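Spelled out from the first residue to the last, the chains are:
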Amino acid sequence: MTHPSDPTQSLESRALRAGMAGNLFMGAAGVLAAYLSNSQAILVDGLFSLVGFFAALIGTRISRNAQRQPDKYRPFGYAGDEALFSTFRAMSLLGLVLFAMVSAAMNIVSYANGAPPTELLFAPMAVYFLVVGSTSFGLWFSHQRAWRRTRKTSEILRLEGKAAAFDGIITLAAAVGLFAVHYFRDGVLAPIAPVGDSLIVLALCSTVIVQYYKDFTVGLGELAGVTARPQAVAKVRRAIRQTIKLHNGLLVDLSVSKLGRLHTVVVYFDPQGTTTAEQIDKLTHELQRDIEREFVHVEVIVVVSKHGRVLPRT
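The rules behind the values
- Residues numbered from 1 in each chain as written.
- Predicted model: local features only at pLDDT ≥ 70, side-chain atom pairs only at ≥ 80, totals over all residues.
- Heavy atoms only, no water.
- UniProt positions renumbered as here; feature names shortened; annotations may be inferred.
- Pairing = 2+ DSSP bridges.
- Helix = DSSP H or I, 4+ residues; strand = E, 2+ residues; numbered from the N terminus.
- Axes fitted to C-alpha atoms, helices over the stretch in contact; angles between N-to-C directions.
- Salt bridge = Lys/Arg side-chain N within 4 Å of Asp/Glu carboxyl O.
- Buried < 20%, exposed > 50% of the residue type's maximum accessible area, 1.4 Å probe, protein only.

The chain carries the name Cation transporter in an unreviewed UniProt entry, which gives Ruegeria marisflavi as its organism. Quoted straight from UniProt, the Subcellular location (unreviewed entry) entry for the chain says "Membrane".

Below, the structure is given as structure tokens:
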């Protein structure tokens, strides 16, 4: 596993600090622009950014903890903190999306029941969309670059980069939708122009809710200890094949699980004869080296067994 002094930690910290500053700025700009323009779509966009600020604030601490070595309090290490963060980050975004959709639907129902629509002011919107859209894509670029430089191991950077990209896309889509409604308010879009802002909120939230739900279920799966993706299992199997052969034994079974950035690999090994603890330690060390060519953060456990993870009933 990676030592706490790993330089990837400083890369993550810098990217997350930039994310904190950028999201706080965009959140404050969103709330102010929503107040000045009366736009619910801009308010939702600003709230996404505020969630991003608090996520980056927590993520900075989680990033440091995830690279700590196992100790007496956490005998299996701290990688689970990263999976917890990813899960609850996705859950908070799901909650925000559902709240925004319910609020927009209630506005549409109120208008259908005769309530006067809120007049939108477009001058503040233009400044907001230009500045915040540029900031979102700038944060996405920063997170992506840091993620690549850490060999794509940080789930926090991956999730924050995805969130920044979504924020930029939502901002761009909201700009196109709102200005289209404004431009065609006396033409083809006249019937929906009074509730165009709420309809755009519904449309934008509908496009992202599936992705956030997927991130949530993936995080739950990691916490529940489900097996890693088939591609990851195949990579591990290929990586250890030659070493197992050189030790004149059989690979009886193999399990690979992922928790945050850590892959835990359990190798069930039949030595096909007498063996010593020293030989098993040597095999473990070699397998660790082989798998680290594929994954940076790996924990390898070798279990001497004839049957694998499920023993026959006696």
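Back to the write-up after that little detour.
Mind showing me how you'd approach the sheet that holds strand 2 (residues 262–270) here?
Paired through backbone hydrogen bonds, the strands of a sheet run either parallel or antiparallel to each other. Spatially, 1-2-3 is the arrangement adopted by the three strands of the open sheet, whose pairing is mixed. Edge positions in the sheet fall to strand 1 (250–259) and strand 3 (298–304), since each has one partner strand and no second. Recorded for the sheet is a direction-independent mean angle of 15 degrees between the axes of neighbouring strands. In this sheet, strand 2 lies alongside strand 1 in antiparallel orientation, the contact comprising nine bridges. Residue Leu251 lies in a different strand from strand 2, and its bridge partner there is Phe269.

Just to check I follow, could you spell out the pattern of salt bridges for this structure?
For side chains of opposite charge, pairing can occur when their charged atoms come near one another. Taken as a whole and judged by the stated rule, the model has nine salt bridges. Two residues, Asp81 and Arg74, come together in a salt bridge whose shortest N-O distance is 2.9 Å. Under the relative-accessibility criterion, Asp81 is labelled buried at 11%. Here Arg293 and Asp290 are joined by a salt bridge, their closest N and O atoms 3.1 Å apart. A relative accessible area of 57% means that Arg293 is categorised as exposed. Taking the relative accessible area as the measure of exposure, Asp290 reaches 4% and is therefore buried. Salt bridges linked by common partners bring Arg289, Asp290 and Arg293 together as one network.

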